[in-house]
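# Chains, contacts and geometry: an overview
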Amino acid sequence: YHSLAGLLTDTNRIPEAIAVYEQMLGSTPQAYHVRLQIAQLFEKQNDSQRALDQYLQFLRLDDTNADARRRAGVLLIDVGRASEAVDLLNVSPDQDGAGHFHFLRAYALEVSGQVDKAFVLYQETAPENAYYTHAHIRAAQIRGRAGAWDEAEALLQSARALRPEAPELIVAMGATKVSAE
């Protein structure tokens, strides 16, 4: 089954690959890891809801898989269920990828309307976190939308002090200056 599904995937015959994986799952229920392949194939087809369903079913059996948790969180945000993503993305700081989870959780809070909590989480992003610059840009955007241009500028400057070469930061700083005028 697995080789056939892989071959079908490699030749971009996604619906057929999904059917083979589903057959495999039906005949061997303990092979629940196949749900990850099915979820990824649904994502390739831009079928976020069906991909999300597969990830969530997988996580009911193995909630330790960081990639499945992250993907499910992103998809929850994509399908308009950001408040559910907040809990799913809450992981231990020492877990692999915790920095990305921290950023995504803050984003889920922002999207779900909990802007003040999102702002705090963005600000708590550690400088060694790869998402530090993005977090400060999001925090600056929140302050800018509230009309606090000086505070927004200060957030961008603090991010710039650590990562002056970040192109997204340069764009954000230019947009902040234009918005403030």
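A brief structural summary. For every chain, the first residue of its written sequence is number 1, and the numbers climb from 1 along that sequence. For a predicted model such as this one, the threshold for reporting local features is a pLDDT of at least 70, and the threshold for listing and counting side-chain atom pairs is 80 or more; totals across whole chains, interfaces and linings nevertheless cover every residue. Just so you know, side-chain values use all the structure's heavy atoms and leave hydrogens and water out.

### Re the packing of helix α2 (residues 14-27) against helix α3 (residues 34-44)
In contact at an axis separation of 10 Å, α2 and α3 are set at 160 degrees when each is read in the N-to-C sense. It follows that α2 is roughly antiparallel to α3 by the angle criterion. Relative to α3, α2 is oriented so that their crossing is left-handed. Contacts from I14, A17, I18, Y21, E22, M24 and L25 in α2 reach V34, R35, Q37, I38, L41, F42 and K44 in α3. Here the contact of α2 with α3 is composed, by residue class, of 10 nonpolar, one polar and three charged. Helix axes are fitted to C-alpha atoms over the stretch in contact, other axes to C-alpha atoms as well, and angles between N-to-C directions run from 0 to 180 degrees. Numbering of helices and strands runs from the N terminus; a helix is a DSSP stretch of H or I covering at least four residues, while a strand is a stretch of E covering at least two. Roughly parallel covers angles under 35 degrees, roughly antiparallel covers those over 145, roughly perpendicular covers 65 to 115, and oblique covers all other angles. Two helices crossing with the near one rotated counterclockwise from the far one by less than a right angle form a left-handed crossing, whereas a clockwise rotation gives a right-handed crossing. Between two residues, a contact is recorded if the distance between any of their heavy atoms is within 4.5 Å. Each residue receives one of three labels: charged for Asp, Glu, Lys and Arg, nonpolar for Ala, Val, Leu, Ile, Met, Phe, Trp, Tyr, Cys and Pro, and polar for the others, Gly being one of them.

### Notes on the environment of M24
Assignment of secondary structure puts M24 in helix α2. Taking the C-alpha atoms as reference points, M24 and A5, separated by 19 residues in sequence, lie 9.5 Å from one another.

### Details of the packing of aromatic side chains
For this analysis, a ring pair means two rings from Phe, Tyr or Trp (six-membered ring only for Trp) whose centres lie within 6.5 Å, classed as stacked if their planes differ by under 30 degrees, edge-to-face if by over 60, and tilted for the remaining angles. Evaluation of the coordinates by the stated rule reveals three aromatic pairs. An angle of 20 degrees between the planes, with centres 5.6 Å apart, marks the rings of F103 and Y131 as stacked. Placement of the pair is F103 in helix α7 (residues 98-111) and Y131 in the loop between α8 (115-123) and α9 (132-145), with a sequence separation of 28 residues. Classification of F103 as buried rests on a relative accessible area of 13%. Members of the aromatic cluster, joined through ring pairs, are F103, Y122 and Y131. For R143, the ring lying beneath its charged end belongs to F119, and the centroid distance is 5.5 Å. The buried label goes to any residue with under 20% of its type's maximum accessible area, the exposed label to any with over 50%, and the partly exposed label to all in between, with areas taken from a 1.4 Å probe on protein chains only. In our convention, an over-ring charge means Lys NZ or Arg CZ found within 6 Å of a ring centre and within 35 degrees of that ring's normal.

### Comments concerning the pattern of salt bridges
The working definition used for a salt bridge is a side-chain nitrogen of Lys or Arg within 4 Å of a carboxyl oxygen of Asp or Glu. Using the criterion set out here, one finds eight salt bridges in the structure. Residues joined by salt bridges that share partners form a network here, namely E110, R138 and R145.

### Quick word on the nonpolar core
Grouping buried Ala, Val, Leu, Ile, Met, Phe, Trp, Tyr and Cys residues that are joined through side-chain atoms within 4.5 Å yields what is termed a nonpolar core. Membership of the largest hydrophobic core comes to 52 residues, with the highest contact counts inside it found for Y21, I38, Y55, L89 and Y122. Leave out the neighbours within four places in its chain, and Y122 touches F103, A106, Y107, E110, A135, H136, R138, A139 and I142.

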